[in-house]
Amino acid sequence: MIQNPKLTLALVQTDLYWKDKVANLAMLEEKLWHMEESVDLILLPEMFPTGFTMDVKEVSEPMNFHVCRWMQQLAAQKKAVIAGSVIIRDGKNYFNRLLWVQPDGKISSYDKRHLFRMAEEHHYFSAGTDLPIFELNGWRICPQICYDLRFPVWSRNRMGESRMDYDLIFYVASWPAVRTSAWDALLPARAIENLAYSVGLNRVGTDGNQIPYVGHSVVYDFKGERLLDLGEKELISTIELDKANLDVYRKKFPAWTDADNFKLL
């Protein structure tokens, strides 16, 4: 892809209809259709077609079915990558799968590694084992889902032969209001420790289990400084990030050279 030091993101902080794919896709399509800004990447919340539910047999679907095709169509229309997580059925297994859908229709994916046992997610879903790094306009981007935020080893940004693994890490989430303080603390920590931009996209509203969400979707730079905060209302907000600033800072403050080496087993 073409190298571009700038990357424009759109964060879609929204309420969701409970287990109603038709209503959620129609609502999101209308919201995005009226978004006039040209962007490179659009982020949607965790389980955006359904809300965060364990009713996998009722609401799951296979790959390349309705939601995938909706995302492909919208990505082509907006000429932007669209990313968000969906409940995907693969044989007898179910995955909380982040789909990364390009304007040309290509789909890449990441399966949530850390399943939220307090909601018994680990009893209904299979955990992912691989962490892909997506590339977009010369940027390297690490995808994560909600509860992954609590596990910094999984998101560790390592230095390769000539560059770090990623420039931006993002989390799509259904993060409950009761634990907002943890969300607010961990996102800047991920930015600082990994010398990368950190983005958290969370939903708002109350789901069918009467769990409230208050958003707090946010963007931090590589120093942990807040660049964008969507607050607690339904909102689509865009921001342009500059990779040149990141590269300069990494050279000026190469903390990664003193990082401890280890491997995940």
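Residues numbered from 1 in each chain as written. Predicted model: local features only at pLDDT ≥ 70, side-chain atom pairs only at ≥ 80, totals over all residues. Heavy atoms only, no water.

Student: Can you walk me through the overall build of the protein in this structure?
Tutor: The number of helices and strands found in the protein is six helices and 14 strands. Compactness check: the protein gives a C-alpha radius of gyration of 17 Å against a globular reference of 18 Å for 265 residues, within 12% of the reference. Once the C-alpha set of the protein is aligned to its principal axes, its extents read approximately 50 × 40 × 35 Å. In the protein, buried positions account for 54% of the 265 residues. Sequence separation of 24 or more characterises 70% of the internal contacts of the protein that already satisfy a separation of 6 or more. Carbon and sulfur atoms form 49% of the exposed surface of the protein, whose accessible area is close to 12400 Å². In the protein, which carries 31 positive and 35 negative side-chain charges, the distance between the mean positions of the two groups comes to 4 Å. (Helix = DSSP H or I, 4+ residues; strand = E, 2+ residues; numbered from the N terminus. Rg over C-alpha atoms; globule rule 2.2 N^0.38 Å. Buried < 20%, exposed > 50% of the residue type's maximum accessible area, 1.4 Å probe, protein only. Contact = heavy atoms within 4.5 Å. Areas by Shrake-Rupley, 256 points an atom, 1.4 Å probe, with all protein chains shown as cover. Lys, Arg positive; Asp, Glu negative; His and termini not counted. Charge placed at Lys NZ, Arg CZ, Asp CG, Glu CD.)

Student: Looking at this model, I keep getting lost on the nonpolar core. Mind explaining?
Tutor: Leu9, Leu41, Trp100, Ile141, Leu168 and Phe170 are the most contacted members of the largest nonpolar core, which totals 47 residues. Per-element accounting of this core gives the leading share, six residues, to strand E8 (residues 168–173). Excluding residues within four positions of it along the chain, Phe170 makes contact with Leu43, Ala83, Leu98, Trp100, Ile141, Cys142, Pro143, Gln144 and Val199. (Core = buried A, V, L, I, M, F, W, Y, C linked by side-chain atoms within 4.5 Å.)

Student: What exactly am I supposed to notice about the sheet that holds strand E14 (residues 235–242) here?
Tutor: Working definition: the strands of a sheet are paired by backbone hydrogen bonds and lie parallel or antiparallel to each other. The six strands are arranged E5-E4-E3-E2-E1-E14 in an open sheet whose pairing can be described as mixed. Here the strands that pair on one side only, and so sit at the sheet edges, are strand E5 (107–111) and E14. Looking at each pair of strands side by side, their axes are set apart by 30° on average, direction ignored. Note that strand E4 (residues 93–101) and E5 share five bridges and pair antiparallel. Each residue of the ladder has a partner; that of Arg97, found in E5, is Asp111. (Pairing = 2+ DSSP bridges. Axes fitted to C-alpha atoms, helices over the stretch in contact; angles between N-to-C directions.)

Student: How do you make sense of the sheet that holds strand E13 (residues 226–229) when you look at a structure like this?
Tutor: With mixed pairing, the six strands of this open sheet are ordered in space as E6-E7-E8-E9-E12-E13. The open sheet is flanked by strand E6 (134–136) and E13, the only strands paired with a single partner. Across the sheet, the mean angle from the axis of one strand to that of its neighbour is 20°, orientation sign disregarded. Examined bridge by bridge, strand E9 (residues 197–202) and strand E12 (residues 218–220) share three bridges and lie antiparallel to one another. The partner of Val199 across the bridge, within E12, is Val219. Here helix H5 (residues 180–194) sits on the sheet and contacts E8, E9 and E12; the angle it forms with E9, its principal contact strand, is near 150°.

That's the geometry; what it means functionally is another story.
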